[in-house]
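A look at the structure
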Amino acid sequence: MRFTDDLGSSHGWRLRRGVLDDGREVFAKVGAASEMFASEAAGLRWLGEAAAVPEVIEVGPDRLVLSWVREERPSPAAAERFGRSLAGLHRAGAPGFGAPWPGFIAELPMDNAPCDGWPAFYGERRVLPFLRLARLPAADAALVERAVERFPEVAGPAEPPARIHGDLWSGNVLWSGGGGVLIDPAAHGGHRETDLAMLELFGLPYLDRVLGAYREEWPLAEGWRERVPLHQLHPLLVHVVLYGEGYRGSLMRAVRRVLAL
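Residues numbered from 1 in each chain as written. Predicted model: local features only at pLDDT ≥ 70, side-chain atom pairs only at ≥ 80, totals over all residues. Heavy atoms only, no water.

Things to note about the packing of helix α3 (residues 118–134) against helix α8 (residues 228–243)
Packing of α3 against α8 leaves a shortest axis separation of 9 Å and a crossing angle of 25 degrees. In terms of their interaxial angle, α3 and α8 are classed as roughly parallel. As for the relative orientation of α3 and α8, their crossing is left-handed in sense. Residues W118, Y122, R126, V127, F130, L131, L133 and A134 of α3 form the contact with α8, whose participating residues are L230, H231, Q232, L233, H234, P235, L237, V238, V240 and V241. Taken together, the residues that form the contact of α3 with α8 break down as 14 nonpolar, three polar and one charged. (Axes fitted to C-alpha atoms, helices over the stretch in contact; angles between N-to-C directions. Helix = DSSP H or I, 4+ residues; strand = E, 2+ residues; numbered from the N terminus. Parallel < 35°, antiparallel > 145°, perpendicular 65-115°, else oblique. Left-handed = near helix turned anticlockwise from the far one by under 90°. Contact = heavy atoms within 4.5 Å. Nonpolar A, V, L, I, M, F, W, Y, C, P; charged D, E, K, R; others polar.)

Here it is as structure tokens:
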């Protein structure tokens, strides 16, 4: 493989564009040895059984090489196609809540060990571990813990584990081939509303079309909009851990909305 462009860095990894000997263009993420590369590759392959993702060309302790995705401008039709595809991905399901590979979001490890039911998984494997890392003031941490105690009451009707991306902000959706291509997953068996709440957290072009097509393909349980802050607690905690105080206000607003459910 010959590298042609340095695309900068992200979370300590170098991002590069390259060309294989057979002429195929590839994207490479390169850095210090980490289980993250194998985890991302496993997640991409699993999601790729039911959705559009880059092909995993090579994975090693210090790199991940993927097929290059040629991007195009999003359109209403592409957004609707993506919404239907996302519903199909979620419907593909998972054996349980969690995954058989180590979890990562950015460079932060996550526990993917199975848990009995989504409220317990979300509280014990996602929210509470990152609450400990966030080092919030004691009063704020106590409010988050109160919200976690309420998860079984406010999570909505029980659903089977969905096959979710797990970090589905707008930057992890590439528009290509008339639809959306998923990259950088934190894939696991989770709750399908988690991916939708993440799309709302930072916005997505034609999100209303995505959600409309999704709901036509697979209707959401009553009250899903009110539960959006519940599913945003984990990504907001991740942002507090990674980027600091600037996200604390958004986190605590979401916590108070969960306590008011």
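Thoughts on the side chain of R126
Mapped onto the fold, R126 is located in helix α3. Comment: no salt bridge for buried R126; closest opposite-charge side chain is D111, at 6.5 Å. Side-chain polar atoms of R126 contact the backbone oxygen of D111, separated by 2.9 Å. Ignoring any residue separated from it by four or fewer positions in sequence, one finds R126 in contact with M110, D111, N112, F121, H188 and H234. (Buried < 20%, exposed > 50% of the residue type's maximum accessible area, 1.4 Å probe, protein only. Lys, Arg positive; Asp, Glu negative; His and termini not counted. Salt bridge = Lys/Arg side-chain N within 4 Å of Asp/Glu carboxyl O. Polar contact = N/O pair within 3.5 Å; in protein donor to acceptor, adjacent residues only side chain to side chain.)

Keep in mind these numbers describe shape, not what the thing actually does.
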